[in-house]
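Residue strings, one per chain:
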Amino acid sequence: KKILILNGPNLNLLGKREPAIYGSLTFTDFFETIKEKYNTVELTYFQSNTEGDLIDKMHEVGFSFDGIVLNAAAYTHTSVALGDAVKAIETPVVEVHISNTFAREAFRHQSYISPNAKGVILGFGLQSYELAIQSFL
Ligand code: DQA
């Protein structure tokens, strides 16, 4: 199976960014461990701080891959365009967040992704990504 992990803005700073909320592991280190752990799956990772690049990537894989694990980060709460892209493609998208966004500021309670996602996993730290991968197996 082909699964894309797609990370949005500021997630390139994982490990350095607000470690009390997001943990101290870098995503590339985490990605290496899950690639080994789920070695029956073809895992790909892409991160961008740019909304259009995230949409382009979804269009690129969204008619051939088996699943997308999407952490749209702050765009989750702002981007109609990303929400539309999730709806436009055929590949099912599982929305993930590292933190429990409902336990945080009110502006994080809204998601433009959720209505079109297959499911949502949040609040389990980086394990949220693993649970999303497992949902596609
Ligand atoms: C996040 C939650 C968002 O509200 C925030 O803007 C992020 C990360 C998370 O994974 O917990 O950048 O998506």
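Residues numbered from 1 in each chain as written. Predicted model: local features only at pLDDT ≥ 70, side-chain atom pairs only at ≥ 80, totals over all residues.

(A) Structural context of the site of the ligand. Every residue lining the ligand is accounted for by Asn10, Asn71, Ala73, Ala74, Thr76, His97, Ile98, Ser99, Thr101 and Arg108. Of the residues contributing to the shell around the ligand, the split by class is three nonpolar, six polar and one charged. (Near = placed C-beta within 6 Å. Nonpolar A, V, L, I, M, F, W, Y, C, P; charged D, E, K, R; others polar.)

(B) Layout of the UniProt feature "active site" (unreviewed entry) in the protein. The UniProt record marks Tyr22 and His97 with the feature "active site" (unreviewed entry), using the residue numbering of this structure. Spatial clustering of the annotated residues is evident: they stretch over 76 residues in sequence, but the largest pairwise C-alpha distance comes to 9.7 Å. Take Tyr22: it is sitting in helix α1 (residues 19-22). A count of 19 C-beta atoms within 10 Å places Tyr22 in the partly exposed class. Each residue touching Tyr22, except ones within four places of it in the same chain, is listed here: Leu14, Arg17, Ile98 and Ser99. Take His97: it is sitting in strand β4 (residues 93-97). What His97 contacts, discounting residues up to four positions off in sequence, is Asn71, Leu122 and Ser128. (UniProt positions renumbered as here; feature names shortened; annotations may be inferred. Helix = DSSP H or I, 4+ residues; strand = E, 2+ residues; numbered from the N terminus. Buried ≥ 20, exposed ≤ 12 C-beta atoms within 10 Å, placed from the backbone. Contact = placed C-beta atoms within 7 Å.)

(C) Just the environment of Ala117, in detail. Among the structural elements, Ala117 can be located in the loop between β4 and β5 (119-122). Between the C-alpha atom of Ala117 and that of Pro92, which follows or precedes it by 25 residues, the distance is 7.0 Å. Other than its neighbours up to four places away in sequence, Ala117 contacts Val86, Val93, Val94 and Glu95.

(D) Expanded view of helix α3 (residues 51-61). All of the buried residues in α3 are Leu54, Ile55 and Met58. Considered in projection along α3, the buried side chains sweep an arc of 100° and stay on one side of the axis. Set apart from the buried face of α3 by more than 90 degrees, the exposed residues are Gly52 and His59. Along its buried surface, α3 packs onto β1 (2-7), β3 (67-71) and α4 (80-88). (Arc of directions from axis to C-beta.)

(E) Region of the structure containing the nonpolar core. Ranked by size, the top nonpolar core spans 26 residues in total, and within it Leu6, Ile68, Val69, Leu70, Leu82, Val96 and Ala132 carry the most contacts. Breaking this core down by element, the ones donating at least two residues are β1, α3, β3, α4, β4, β5 and α5 (127-135). Here this core takes four residues from β1, the largest share from any one element. For Leu70, the contacting residues outside a window of four places in its chain are Leu6, Val93, Glu95, Val96 and Ile113. (Core = buried A, V, L, I, M, F, W, Y, C linked by C-beta atoms within 7 Å.)

(F) A look at the sheet that holds β1. Strands sit in the order β2-β1-β3-β4-β5 across an open sheet of five strands; the sheet is parallel. With one partner strand each, in any of the chains shown, β2 (42-47) and β5 form the two edges of the open sheet. When strand polarity is set aside, the average angle formed by the axes of neighbouring strands in this sheet is 20°. Where β4 lies against β5, four bridges are found, and the strand directions are parallel. The residue of β5 that forms the bridge with Glu95 is Val120. (Pairing = 2+ DSSP bridges. Axes fitted to C-alpha atoms, helices over the stretch in contact; angles between N-to-C directions.)

(G) Just the environment of Glu90, in detail. Relative to the assigned elements, Glu90 resides in the loop between α4 and β4. Counting along the chain gives 27 residues from Glu90 to Phe63, while the straight-line C-alpha distance between them is 5.4 Å. Beyond its immediate chain neighbours, meaning those up to four positions away, Glu90 contacts Gly62 and Phe63.

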